[in-house]
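Examination of the molecular architecture
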Amino acid sequence: MITKLDNANDFVAKQIYITLQRSYKIEAELIGALNFPPLSRTVTDIQNSPTLFYGFYDDTQLAGVIELAIGNEGLEINSLVVYPDHFRKGIVDKLIRYALSECVICAAITTAIVETAVVNEPAIKLYKKHGFVEFKRWTPEHGIEKLAMVKSCDV
């Protein structure tokens, strides 16, 4: 079941934090990053974030999280993680489909954008499967080469 998460709530923010931390530690290892910025996020950062968080629950455990920002330029997927015990269960696909269906409902949103590390082949393959195409590459100050992908959300 996918539900909107109240990230301002202390208990919920801690659940989001744990899910992000466990998943991002594995991603950091996968891409060979010693300094991985998502791991520096705190519970307070999550509580104060203006973004929208949606969670996939497997029974009573928060098994996956997608974090979305909606702006003038469209929908941005800021985070998409699955708790490691729930890898390879299709949760990421469900969260992406949910986010994109929400995107289509809002007539003002015409694109969805996501960023990932250039070496994160599993993520790139996943986003391509959902119709995203690469449109930009760059290397931020932290040194991890990134790429941005975009998808049209036109109805």
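Presented here is an overview of the structure given in this document. This is a predicted model, so every value here is computed, not measured. (Residues numbered from 1 in each chain as written. Predicted model: local features only at pLDDT ≥ 70, side-chain atom pairs only at ≥ 80, totals over all residues. Heavy atoms only, no water.)

Comments concerning the overall build of the protein chain
Looking only at helices and strands, the protein chain features 4 helices and 7 strands. In the protein chain, the succession of helices and strands from N to C terminus is β-α-α-β-β-β-α-β-α-β-β. Against the compact-globule benchmark of 15 Å for 155 residues, the protein chain has a radius of gyration of 15 Å, which places it among compact chains. Seen along its three principal axes, the alpha-carbon backbone of the protein chain occupies a region of about 35 × 35 × 30 Å. When burial is assessed residue by residue, the protein chain has 45% of its 155 residues classed as buried. Of the contacts formed within the protein chain by residues at least 6 apart in sequence, a portion of 59% connects residues at least 24 apart. Carbon together with sulfur atoms contributes 52% to the accessible area of the protein chain, which is approximately 8600 Å² in total. Computed over 16 positive and 19 negative side-chain charges, the inter-centroid distance for the protein chain is 5 Å. (Helix = DSSP H or I, 4+ residues; strand = E, 2+ residues; numbered from the N terminus. Rg over C-alpha atoms; globule rule 2.2 N^0.38 Å. Buried < 20%, exposed > 50% of the residue type's maximum accessible area, 1.4 Å probe, protein only. Contact = heavy atoms within 4.5 Å. Areas by Shrake-Rupley, 256 points an atom, 1.4 Å probe, with all protein chains shown as cover. Lys, Arg positive; Asp, Glu negative; His and termini not counted. Charge placed at Lys NZ, Arg CZ, Asp CG, Glu CD.)

Structural notes on the pattern of salt bridges
Within this structure, the stated rule accounts for 6 salt bridges. Taking the shortest distance from any N to any O, the salt bridge between Glu 115 and Lys 146 comes out at 3.0 Å. Here the residue Glu 115 occupies a position in strand 5 (residues 111-117), and Lys 146 occupies one in strand 7 (residues 146-152), the gap between them amounting to 31 residues. (Salt bridge = Lys/Arg side-chain N within 4 Å of Asp/Glu carboxyl O.)

Considering the nonpolar core
Residues Ile 66, Leu 80, Tyr 127 and Phe 132 are the most contacted members of the largest nonpolar core, which totals 27 residues. Contributing elements (two or more residues each) for this core: strand 2 (52-58), strand 3 (61-71), strand 4 (74-82), helix 3 (91-105), strand 5, helix 4 (121-129) and strand 7. Per element, the largest residue contribution to this core is 6 residues, and it comes from helix 3. Setting aside residues no more than four positions away along its own chain, Phe 132 makes contact with Ile 77, Leu 100, Ala 112, Ile 113, Val 114, Tyr 127, Met 149, Val 150 and Lys 151. Listed in part, the 19 residues of the second largest apolar core include Val 12, Ala 33, Ile 46 and Val 65. (Core = buried A, V, L, I, M, F, W, Y, C linked by side-chain atoms within 4.5 Å.)

Regarding the packing of aromatic side chains
Using the criterion set out here, one finds 3 aromatic pairs in the structure. Where Tyr 54 meets Tyr 98, the ring centres are 5.3 Å apart and the plane angle is 55°; that geometry is what we call tilted. Note that Tyr 54 is positioned in strand 2 and Tyr 98 in helix 3, a separation of 44 residues in sequence. For Tyr 54, a relative accessible area of 10% translates into the label buried. Each ring, one from Tyr 127 and one from Phe 132, has its centre 5.6 Å from the other, and the planes form 65°; the classification is edge-to-face. Comparing Tyr 127 with Phe 132 shows no difference in burial state: the two are buried. Just above the ring of Trp 138 sits the side chain of Lys 136; from NZ or CZ to the centre is 4.7 Å. (Phe/Tyr/Trp six-rings, centres within 6.5 Å; stacked < 30°, edge-to-face > 60°. Lys NZ or Arg CZ within 6 Å of the ring centre and 35° of its normal.)

Some words on the sheet that holds strand 3
Read across the open sheet, the 7 strands follow the order 1-2-3-4-5-7-6; overall the sheet is mixed. Looking at strand neighbours, the two that pair on one side only are strand 1 (2-5) and strand 6 (133-138), the edges of this open sheet. Each neighbouring strand pair of the sheet contributes to a mean axis angle of 30°, computed without reference to strand direction. Sheet analysis places strand 4 next to strand 5, joined by 3 bridges and oriented parallel. Within the sheet, the bridge partner assigned to Ile 77 lies in strand 5 and is Val 114. Against the sheet, helix 1 (residues 10-31) contacts strand 1, strand 2, strand 3, strand 4 and strand 5, and its axis sits at roughly 80° relative to strand 4. (Pairing = 2+ DSSP bridges. Axes fitted to C-alpha atoms, helices over the stretch in contact; angles between N-to-C directions.)

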